[in-house]
Amino acid sequence: VSQEPTLDDVFAGIAAFIAQQPELAGKTATAFQFNFKDPDSAFFIDLKTAPGNAGAGTLDKADVTLELPTKHLQTLFGGDMAAVQKLYFGGELKISGNIMASNKLGVLKGMDPALVTQARDKRVKGSATAPAATAPAASAPVKPAAPKASQAGELLAALTQKLAEASGLSGVVQFNVRDPESVWTLDLSANPPQASSGASNSAKAVATLNDGALADLLAGKRTLRALYQKGDLRVDGDVSLLRQIEQAL
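Conventions and cut-offs
- Residues numbered from 1 in each chain as written.
- Predicted model: local features only at pLDDT ≥ 70, side-chain atom pairs only at ≥ 80, totals over all residues.
- Heavy atoms only, no water.
- Core = buried A, V, L, I, M, F, W, Y, C linked by side-chain atoms within 4.5 Å.
- Buried < 20%, exposed > 50% of the residue type's maximum accessible area, 1.4 Å probe, protein only.
- Helix = DSSP H or I, 4+ residues; strand = E, 2+ residues; numbered from the N terminus.
- Phe/Tyr/Trp six-rings, centres within 6.5 Å; stacked < 30°, edge-to-face > 60°.
- Contact = heavy atoms within 4.5 Å.
- Polar contact = N/O pair within 3.5 Å; in protein donor to acceptor, adjacent residues only side chain to side chain.
- Expected span 1.5 Å × (residues − 1).
- Pairing = 2+ DSSP bridges.
- Axes fitted to C-alpha atoms, helices over the stretch in contact; angles between N-to-C directions.
- Salt bridge = Lys/Arg side-chain N within 4 Å of Asp/Glu carboxyl O.

Enquirer: What is the right way to read the nonpolar core from this model?
Expert: The tendency in soluble globular proteins is for nonpolar side chains to be buried as a group. Counting residues in hydrophobic clusters, the biggest one holds 30 residues, and the most contacted among them are F11, I14, F34, F36, I45 and L66. Among the elements that take part in this core, helix α1 (residues 7-20) stands out by supplying seven residues, more than any other. Counting residues in hydrophobic clusters, the runner-up holds 26 residues, among them L155, V173, W184 and A207.

Okay, here's the thing in structure tokens:
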């Protein structure tokens, strides 16, 4: 049994730290996904849904996703920002989604390393006392889930029809859609407004949000304000262009 802290130990320690400070979820309001390589594994830190949690698995809607080799685990959570930046600029650490939100991991700096040690000791003790298990029967290979289909293109095409009769629209908005990833441009100045796949050099506003959040916004289920306050929407540039769209729906 490994005496070195494993990924499970580290995230169990983080979960214990979060449990000690339930106010972290309200202060941080961010969900982090970690995809490790060599070997591959997925873990999360949910500081968005109170009271917060951490462990193995994949979140449906992470605000920021970090990908890196497993060997750099200690560097990531070691508290040395310069070392983490070196990984990022060296291409070893990849960050997608709300990149600036990754800085919020700083809330873990006050965590007692003993929490990880305690999680490791519990794992080692449990392995030592567990009865010997018979070899499991070979199982059928798990069929990977089908990739989620994007709604963004269909949603924005329907939006242009709704905006066709609106007046006073102007400007170009770029939508960086996540889960699944796609990029779209909406030209409000065209008559009628036009949506096209790809980025735009003339965009005055860039909205970053999940595919599902875009669907909720255009269906009137959630407002720009609500999405922004929950951390489900990021707008760079002229936010008034997004308000034009919301008001015209």
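Now that the structure has been shown, the text picks up again.
Enquirer: Looking at this model, I keep getting lost on the packing of aromatic side chains. Mind explaining?
Expert: Two descriptors summarise a pair of aromatic rings, namely the distance from one centre to the other and the angle between the planes of the rings. Applying the stated criterion to the full structure yields eight aromatic pairs. Aromatic pair F36 and F43: ring centres 6.3 Å apart, planes at 75°, arrangement edge-to-face. As far as burial versus exposure is concerned, F36 and F43 are alike and both buried. Of the aromatic side chains, those joined through ring pairs into one cluster are F11, F34, F36, F43 and F77.

Enquirer: Help me understand the environment of D211, please; the structure alone is not making it clear to me.
Expert: Examined against the element boundaries, D211 turns out to sit in helix α7 (residues 211-218). Not counting residues up to four positions away in its chain, the partners in contact with D211 are A149, S150, Q151, A152, L155, V177, R178, D179 and P180. Within the structure, the side chain of D211 is placed 3.2 Å from the backbone nitrogen of A152, a separation counted as a polar contact.

Enquirer: Any chance you could explain helix α6 (residues 152-163) here in plain terms?
Expert: The periodicity of an α-helix, 3.6 residues per turn, causes residues three or four places apart in sequence to face the same way. Here α6 is twelve residues long and its end C-alpha atoms lie 16 Å apart, about the 16 Å a rise of 1.5 Å per residue gives. For α6, the secondary structure elements touched by its buried residues are β6 (172-178), β7 (182-187), β8 (194-197), α7 and α9 (240-248).

Enquirer: Would you mind going over the sheet that holds β8 with me for this structure?
Expert: Strands sit in the order β8-β7-β6-β9-β10 across an open sheet of five strands; the sheet is mixed. A strand with exactly one partner marks an edge of an open sheet, and here the two such strands are β8 and β10 (233-237). Taken over all neighbouring pairs, the strand axes of this sheet differ in orientation by 20° on average, direction set aside. Pairing between strand β9 (residues 205-210) and β10: five bridges, direction antiparallel. When the sheet's bridge partners are listed, L209 is paired in β10 with L233. Where α6 meets the sheet, its contacts fall on β6, β7 and β8, and the angle it forms with β7 comes to roughly 10°. Most of the contacts of α7 go to β9, to which it runs at about 110°, and overall it touches β6 and β9.

Enquirer: Teacher, can you tell me more about the pattern of salt bridges here?
Expert: Between side chains of opposite charge, a pair can form as their charged atoms come close. Overall, the coordinates contain six salt bridges when judged by the stated rule. A salt bridge links K48 to D232, with the shortest nitrogen-to-oxygen separation between them at 2.5 Å. With K48 in the loop between β2 (41-47) and β3 (53-56) and D232 in the loop between α8 (224-229) and β10, this pair connects stretches of sequence that are 184 residues apart. One connected set of salt bridges, linked through shared partners, spans K48, D63, R222 and D232.

Enquirer: Honestly, the environment of Q229 in this entry has me stumped. Any pointers?
Expert: Mapping Q229 onto the fold places it in helix α8. Assessed through its relative accessible area of 55%, Q229 is described here as exposed. It is 9.2 Å that separates the C-alpha atoms of Q229 and A29, two residues lying 200 residues apart in sequence.

Enquirer: Would you mind showing me how to read the pairing of β3 here?
Expert: Side chains on a regular strand alternate between the two faces of the sheet. Note: β2 against β3, four bridges, orientation antiparallel. Looking at the pairing, F44 lines up with G55 of β3. If you look at the hairpin formed by β2 and β3, you'll find five residues sitting between the two strands, and G52 has a positive phi there, around 95°.

Enquirer: Any chance you could explain the side chain of T185 here in plain terms?
Expert: For T185, the location among the structural elements is in strand β7. Reaching out from T185, the side chain makes a polar contact with the backbone oxygen of G198 at a distance of 2.8 Å. In this structure, T185 is in contact with V172, V173, Q174, Q194, A195, S196, G198, A199 and S200, ignoring residues within four places of it in sequence.

Enquirer: Can you walk me through the sheet that holds β3 in this structure?
Expert: Ordered by their spatial adjacency, five strands build an open sheet running β3-β2-β1-β4-β5, and the pairing between neighbours is mixed. One side of each edge strand has no neighbouring strand; the edge strands of this open sheet are β3 and β5 (94-97). Strand-to-strand twist in this sheet, taken as the mean axis angle between neighbours without regard to direction, amounts to 15°. Pairing between strand β4 (residues 64-69) and β5: four bridges, direction antiparallel. Within β5, the residue paired with L66 across the bridge is I95. Across the sheet, α1 lies against β1 (30-37), β2 and β3, angled at about 10° from β2, the strand it touches most.

Note that all results are geometric; they support no functional claim without further evidence.
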